[in-house]
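Observations on the model geometry
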Amino acid sequence: MKNLIRKIMVAVCFSAAIALAFGMAKDVSAKSKITYKFKKGTLTIKGKGDIPKKKTFKNNKKIKKVVIKKGIKSIPNNAFKKCVKLKKVTIPSSVKKIGTYAFSGTGLKKLTIPKSVKQIGDGFVDNCKSLDALTIPGDFTKVNEDGNEAGYYPIDKTYLIQVKFNSNLNYKNCGYFKTLNLQVSKNDKEFKSIDGVVYTKDGSAIVRVPSERTSLTIANGCQTVYTAALSYEYGSNGAVSKLANVTIPASVTKITNEKYNVDAFVPNSQKINFKIMDQSKLSIDDFVKLKNAFRIKPAKLANMLPERIKFDEEYKVYVGDNKYLVSAGGDHIVFPEGVEIVCEEAFKGFNEASDVTVNVPEGIKEIRDNAFSGAYFRKITLPESLVLIGKGAFSETQGLEEVTIPKNINVVNDDVFYNSYSLKKVDFEGKITSYGKRAFAYTKVNVNELLKVDGLKSIGNRAFDNVEFKNITIPATIETIGTNAFQFSYDGTQYVTFEGSTNNYDPSMFVKYYYENGNLSFTQGIKDAFTGFDVARRVKSKKKYKISLGWIKVSDATGYEIRLSKDAAGKKGVKKIFAKYNENSAEITDKKSDKHKYAMIRPYKLENGKNVYGKWTVQEMK
């Protein structure tokens, strides 16, 4: 009996010693099936499941090594934050999540995170000044302390020698790390590393340069330079590239921004000196891409390429290869004789001009992307010789009120007039087959007139976003309409009539807003009908949400079926309600535990004693 009592006392004292050593709260290991053992500076964690959120070892000065055994699924926020003597951590393949600041402020020199980890917390190795090498999955989601996706902010005050990815790389994740080398997995399907720089698998294009490199010679054999590879900054506090000198080898034949530039931009502080080994293999367009991406002044570009780009003293513009108007240099928007192409951003933000009307002369064949974006003029005349108007060519122009599109142009590209808020009138001399994404968004154009344009078949996403209109008709000749094509935030929309089949129309063309007095009419009948609606989910209590819905009424509809669902197909965990023909709003109380992610609505009509249904409009609830 005495021996039994002695053993119990020893066990109690040992448990108390561990609790005091780690500064832990009440032991909950029995409930979570997780055990902790500390011996000679080594903490061993065993069990199955998640380490409890409250079970952190923050500020512990005795832990030197952590061994997490297989079976543990997650490491909580702040788990080992400021454990300054912690120098080694073993993480098993059973771990799926690592919390925010989990290893922040530790003495780690190396850390390997297994490829099983899919979710990593913001700042997980912040302020680890001894950390040189990090092995990490190539594709993971960065989250905040609540588990929601976090922005692209880099690890703070941790400067790495190398980041090694042990699974297929999501190139955007490179922006999290301040490092000299990025080492891609040998088994990566899309990328590879050459001298610590990320290239496409075949080495033909450069994708990402480590943020801490100051100079770079692009690998010989590389043919394409993606501008976002050389310099990028994510968010206002992003991993800013320090590149100052770049040598472009003779193998490069293309410079472009068409890929790998999502959420990327060049920081204002960066100035890169470029050395181009063979200028003859690159076009003026390539040099313009370089100029625009890195804000190279036209005069400096001309000095770099004295045989290719020259300053026209009479017209005060920079001309490349005698036919490309590269950039403006004077006080007016003018075009020298012989120029055929107005390059990207040639007159971007050109507010110095006093021109009320810009006359583009005959002979100009192409106006490239964003050529006049942000420029000031009230009217522009375009020549019959014009065959291309690029994306965003007249976007955000200041004061532009009217324009006539010549007969050889048959598409209005994406963003061409985006946010040219004074624009009221657009005339077409030829047939137009399509309007691109946001083509007329945030303007004052007459929607009905533009819907009746000869030849029009396609309307892109948000084409008329925030354009005020009333009583419009969608002709039967229009075959496709994209998401939010008529997204609209002004009161007073009355009627929209659809004359033809809506089979290739996106029902979400009105999804963002609804109107109390709005009405949609479908001449082909209820089977072609749909409605636009707005969904707002608000917290009602700790266990419930209040979901508010509003929609546009459909002519002749008997009522509306509304569903909440866990999936976009409306099949899982469905909750249904019905509304009558005279209603255009509803409120639903939903349990948080039900985890409904989507709301959807469709009109229906009673015909011959049976309900005939229209098309679903689906919206994801945030």
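All figures in this text were calculated on a predicted structure; none of them were measured in a lab.

Moving on to the pattern of salt bridges. Two side chains bearing opposite charge may form a pair once their charged atoms approach each other closely. Scanning the entire structure with this criterion turns up 19 salt bridges. Lys 576 is the salt-bridge partner of Glu 561, the closest N and O atoms lying 4.0 Å from each other. Here Lys 576 lies in strand 45 (residues 575-580) and Glu 561 lies in strand 44 (residues 559-565), a separation of 15 residues in the sequence. For Glu 561, a relative accessible area of 2% translates into the label buried. Overall, the relative accessible area of 47% leaves Lys 576 in the partly exposed class. If you follow the salt bridges from partner to partner, you end up with Glu 561, Arg 563, Lys 576 and Arg 602 in one network.

Another aspect to go through is the pairing of strand 44. With respect to burial, strand 44 is a largely interior element, 7 of its 7 residues being buried. Side chains Gly 559, Glu 561, Arg 563 and Ser 565 project from strand 44 onto one buried face, and the interleaved Tyr 560, Ile 562 and Leu 564 project onto a second face that is buried too. The pairing of strand 44 with strand 45 spans 6 bridges and is classified as antiparallel. When the bridges of strand 45 are listed, Gly 559 appears paired with Lys 580. One ladder, built from 7 bridges, connects strand 44 with strand 47 (residues 598-607); its direction is antiparallel. Bridged to Leu 564 within strand 47 is Ala 599.

A separate point is the sheet that holds strand 32 (residues 402-405). Strands sit in the order 28-30-32-34 across an open sheet of 4 strands; the sheet is parallel. At either end of the open sheet lies a strand with only one pairing partner, and these are strand 28 (357-359) and strand 34 (425-428). Across this sheet, the average inter-strand angle for adjacent strands is 15°, counted without regard to direction.

Core analysis: the largest hydrophobic core is formed by 85 residues, its most contacted members being Phe 372, Phe 394, Tyr 435, Phe 440, Ile 459, Phe 464 and Phe 486. Once you skip the residues sitting within four places of it in the chain, Phe 440 turns out to touch Val 412, Phe 417, Val 426, Phe 428, Tyr 435, Val 445, Leu 450, Ala 463, Phe 464 and Val 467. Within the second largest apolar cluster, 51 residues are counted, among which are Leu 111, Leu 131, Ala 205 and Tyr 226.

Further remarks concern the environment of Ser 385. Turning to its location among the elements, Ser 385 is positioned in the loop between strand 30 (379-381) and strand 31 (388-389). As for Ser 385 and Ile 364, which are separated by 21 residues in sequence, their C-alpha atoms are 6.1 Å apart. Not counting residues up to four positions away in its chain, the partners in contact with Ser 385 are Pro 361, Glu 362, Gly 363, Ile 364 and Lys 365.

All right, on to the sheet that holds strand 20 (residues 224-226) then. Read across the open sheet, the 5 strands follow the order 16-17-18-20-22; overall the sheet is mixed. Looking at strand neighbours, the two that pair on one side only are strand 16 (191-194) and strand 22 (254-256), the edges of this open sheet. Looking at each pair of strands side by side, their axes are set apart by 30° on average, direction ignored. The sheet contact formed by strand 17 (residues 197-200) and strand 18 (residues 205-208) spans 2 bridges and is antiparallel. Along strand 18, the bridge assignment pairs Val 198 with Arg 208.

Thresholds applied
- Residues numbered from 1 in each chain as written.
- Predicted model: local features only at pLDDT ≥ 70, side-chain atom pairs only at ≥ 80, totals over all residues.
- Heavy atoms only, no water.
- Salt bridge = Lys/Arg side-chain N within 4 Å of Asp/Glu carboxyl O.
- Helix = DSSP H or I, 4+ residues; strand = E, 2+ residues; numbered from the N terminus.
- Buried < 20%, exposed > 50% of the residue type's maximum accessible area, 1.4 Å probe, protein only.
- Pairing = 2+ DSSP bridges.
- Axes fitted to C-alpha atoms, helices over the stretch in contact; angles between N-to-C directions.
- Core = buried A, V, L, I, M, F, W, Y, C linked by side-chain atoms within 4.5 Å.
- Contact = heavy atoms within 4.5 Å.

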